[in-house]
Amino acid sequence: MAAAWPELEAAARERRRELALPGAAVAERVAAGGGRLPAALLALPLLQSLELSGCAALRELGPGLAAALPALHTLVLRGNSLGPAGLGAGLGGPLPALRLLDLSGNGLEALPAALGGAGPEGAAEAAPGGTPAFPQLRSLNLSGNRLRELGPGLGRAAPQLQTLLLSGNRLRELPGGLLPPAAVPGGPFPLLSRLEAADNELEELGAGIAALPALKSLDVANNRLRELPAALADCPRLKEANFRGNQLKDKRLEKMVNGCQMKAILEYLRAGGRGKGKVDSAREEARKKKREKQQKKDGGDGEQDELEEASKLLVKVLHISENAAPLVVKASPGVKDVRPFIVCCVLRGVNLEPGNALKRFLSAQTKLHEDICEKRTAATIATHDLQSIKAPLTYDVRPPDELKIVPLGRKEMKAKDLLRQLQLEAEEQRKQKKRQNISGLHKYLQLLDGKDNYPCLVDAEGVVISFPPITNSEKTKVRKDTRDLFLEVTSDTSLQICKDVMDTLILKIAELNRFTMENKEESGSDNESDALCGPGNLNPCRNVQPADVTLVLEQVRVVDTDGNLKVLYPSKTDLATVSSLLTIIR
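Analysis parameters
Residues numbered from 1 in each chain as written. Predicted model: local features only at pLDDT ≥ 70, side-chain atom pairs only at ≥ 80, totals over all residues. Heavy atoms only, no water. Buried < 20%, exposed > 50% of the residue type's maximum accessible area, 1.4 Å probe, protein only. Helix = DSSP H or I, 4+ residues; strand = E, 2+ residues; numbered from the N terminus. Pairing = 2+ DSSP bridges. Patch = residues over 30% accessible without salt bridge, like charges linked within 9 Å, V, L, I, M, F, W, Y side chains within 5 Å. Areas by Shrake-Rupley, 256 points an atom, 1.4 Å probe, with all protein chains shown as cover. Salt bridge = Lys/Arg side-chain N within 4 Å of Asp/Glu carboxyl O. Lys, Arg positive; Asp, Glu negative; His and termini not counted. Charge placed at Lys NZ, Arg CZ, Asp CG, Glu CD. Core = buried A, V, L, I, M, F, W, Y, C linked by side-chain atoms within 4.5 Å. Axes fitted to C-alpha atoms, helices over the stretch in contact; angles between N-to-C directions. Parallel < 35°, antiparallel > 145°, perpendicular 65-115°, else oblique. Left-handed = near helix turned anticlockwise from the far one by under 90°. Contact = heavy atoms within 4.5 Å. Nonpolar A, V, L, I, M, F, W, Y, C, P; charged D, E, K, R; others polar.

**Section: the pairing of strand 25 (residues 551-559)**
In step 1: Most of strand 25 is tucked away: seven of the nine residues are buried.
In step 2: For strand 12 (residues 314-318) and strand 25, the ladder comprises four bridges, and the chain directions are parallel. Across the sheet, the residue bridging to valine 315 is leucine 551, located in strand 25.
In step 3: Relative to strand 25, strand 13 (residues 328-331) is paired through three bridges, and the arrangement is parallel. In the sheet register, valine 328 faces strand 25, and the bridge partner there is arginine 557.
In step 4: Alignment of strand 14 (residues 341-348) against strand 25, held across four bridges, turns out to be antiparallel. The residue of strand 25 that forms the bridge with leucine 347 is leucine 553.
In step 5: Note that strand 25 and strand 26 (residues 565-569) share four bridges and pair antiparallel.

**A look at a positive patch on the surface**
In step 1: On the surface, a cluster of positive charge is made up of Lys216, Arg237, Lys239 and Lys367.
In step 2: Structurally, lysine 239 is set in the loop between strand 10 (217-219) and strand 11 (240-242).
In step 3: A relative accessible area of 34% places lysine 239 in the partly exposed class.

**A word on unusual backbone geometry**
In step 1: Following alanine 391, the chain continues into proline 392 via a peptide bond in cis, with omega recorded as 0 degrees.
In step 2: Mapping proline 392 onto the fold places it in the loop between strand 15 (380-385) and strand 16 (393-398).
In step 3: Cis geometry marks the peptide bond from tyrosine 569 to proline 570; its omega dihedral reads -5 degrees.
In step 4: As for its position among the elements, proline 570 is in the loop between strand 26 and strand 27 (583-585).
In step 5: Here lysine 375, not a glycine, exhibits a phi torsion of approximately 60 degrees, which is positive.

**Points about the nonpolar core**
In step 1: Formed by 81 residues in total, the largest nonpolar core has its most connected members in Phe134 and Leu218.
In step 2: Secondary-structure elements contributing two or more residues to this core are helix 1 (6-13), strand 1 (18-22), helix 2 (23-32), strand 2 (49-53), helix 3 (65-68), helix 4 (153-157), helix 5 (251-258) and helix 6 (262-270).
In step 3: Element by element, the count of residues in this core is highest for helix 6, at six residues.
In step 4: Among the nonpolar cores identified, the runner-up in size contains 56 residues, and Val343, Val350, Leu368 and Cys498 belong to it.

**Digging into the pattern of salt bridges**
In step 1: The full count for this structure, using the stated rule, is 24 salt bridges.
In step 2: Arginine 29 is paired through a salt bridge with glutamate 7; the nearest N and O atoms lie 2.8 Å apart. Here arginine 29 is found in helix 2, whereas its partner glutamate 7 is found in helix 1, with 22 residues between them in sequence.
In step 3: Classification of arginine 29 as buried rests on a relative accessible area of 19%.
In step 4: The salt bridge partner of glutamate 240 is lysine 508, with a shortest N-O separation of 3.3 Å. Of the two residues, glutamate 240 sits in strand 11 while lysine 508 sits in helix 11 (residues 495-517), which places them 268 residues apart along the sequence.

**A look at the packing of helix 9 (residues 357-370) against helix 11**
In step 1: The geometry of helix 9 relative to helix 11 is characterised by a closest axis approach of 10 Å and an angle of 155 degrees between their N-to-C directions. Between helix 9 and helix 11, the crossing angle belongs to the class labelled roughly antiparallel. Like other packed secondary-structure pairs, helix 9 and helix 11 cross with a definite hand, here right-handed. The segment helix 9 lies against helix 11, with Ala357, Arg360, Phe361, Ala364 and Leu368 engaging Thr504, Leu505, Lys508, Ile509, Leu512, Phe515 and Thr516.
In step 2: Residue classes in the contact of helix 9 with helix 11 are distributed as eight nonpolar, two polar and two charged.

See the structure below:
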């Protein structure tokens, strides 16, 4: 007799679009079903988000997943026991709406060709008619498996891929077989901005890396690299890279790597590095003397100044036991079926007063929403002025005609009226600009389609300060005189995504804060476009002490209505993804 699945019966009855099955709780039933997903799951055609993680009994997905769940945009299968056959020929067929796929921690030794496997390429790379199998896929997590090599099929199956996570495998080379020989910009992965392959067995980082025109962040820490290719200097958007934990032959380059001197690393590689011939060496020596001369003029002292500059990017974590009045967020049971995941913290010591610091801050948040948050489909960030918040806070849900908020730049209104107004504005904007698609905030409105209740964060006075994923409240708006922030990340996908986004947000704020503290600018200047790319033409401030740019990060607990802990951020394991770029004092 087949095992009963009350969770699936409830999902079908309530026409749910999101479903998270706790792995430990369903392991016995999965095992009884032959290690496959239950057949009843394939009778939920409205399902858009599915998570089944931590289930050692799950060995294969079974046939028909792709055909039965065509609306699926998020699939999280982390920490199971999936084998290569269990994935089918690329999840069993095309998934045109899939945006996020997490297969981390499954012990996979091989993949189907459509997911980057190195085996024979199959028809799963494209749907009938030559359409890519995963045309909307933005994020693919293959970390914590046993992959040794990759193939070119992923580039054809997922042309919109922006994030590829490969850490903790057994790869020997990168990009390796992911890119065809003699790949050039404009080929596969035109939008790939984040590539992580730390803790592998990489012996070669190939020059083909320069064929990734959108690459912004690269992590190849803790591998077996002996050299870095000069082609890295040809990556036009590369801003963050982690090469630490590799025994590089060039000790000068290794010193730069350990000091996180990204700009210096790229300049050094562009000049040819050490041992590339007398002409290049002489050219590099001349550039070095010129830099040293300019640094002395500005009160600097060569590479020592660069190391000191890197050490100023400090974040001190204030443990909850050390905090006389720690902030607590209470999550109501209703959020489970609407937007269940939330991570919060307090960040003190930001400086948004000088010049365009506030504009840079807001611009960075917008770019994070576009990139790592996948246009708010994976997660949404909210930043608040801490001084305007009355604690404790409650993460709750309310019907659209009962939820009231004062949106940024608007008067108080009900959530349903706000969405209706935004929809009208979106349509009017589309007509005026004669576009087929809408832009700005308006493109996030569909994320609430079909919801009977909307999520909200409420303060102790009953004021709604956040309505994710749409807007914050005018009451807690961040202004130039804001010094302390309350940060909030929510998701309907997974808790880990919230933490990853929060890690990145804190790193970005720390970078912007240091940039603001160490540079002078006129109050009317307009350097926002260079905000994330370095100081540009601004003059370095002298006499800035490291303590001036140390931020204090306070832990915040999220508890249920009975006071039981749901999540604490940052925990000891959080911020690991950015630890090479931040000095974290715990």
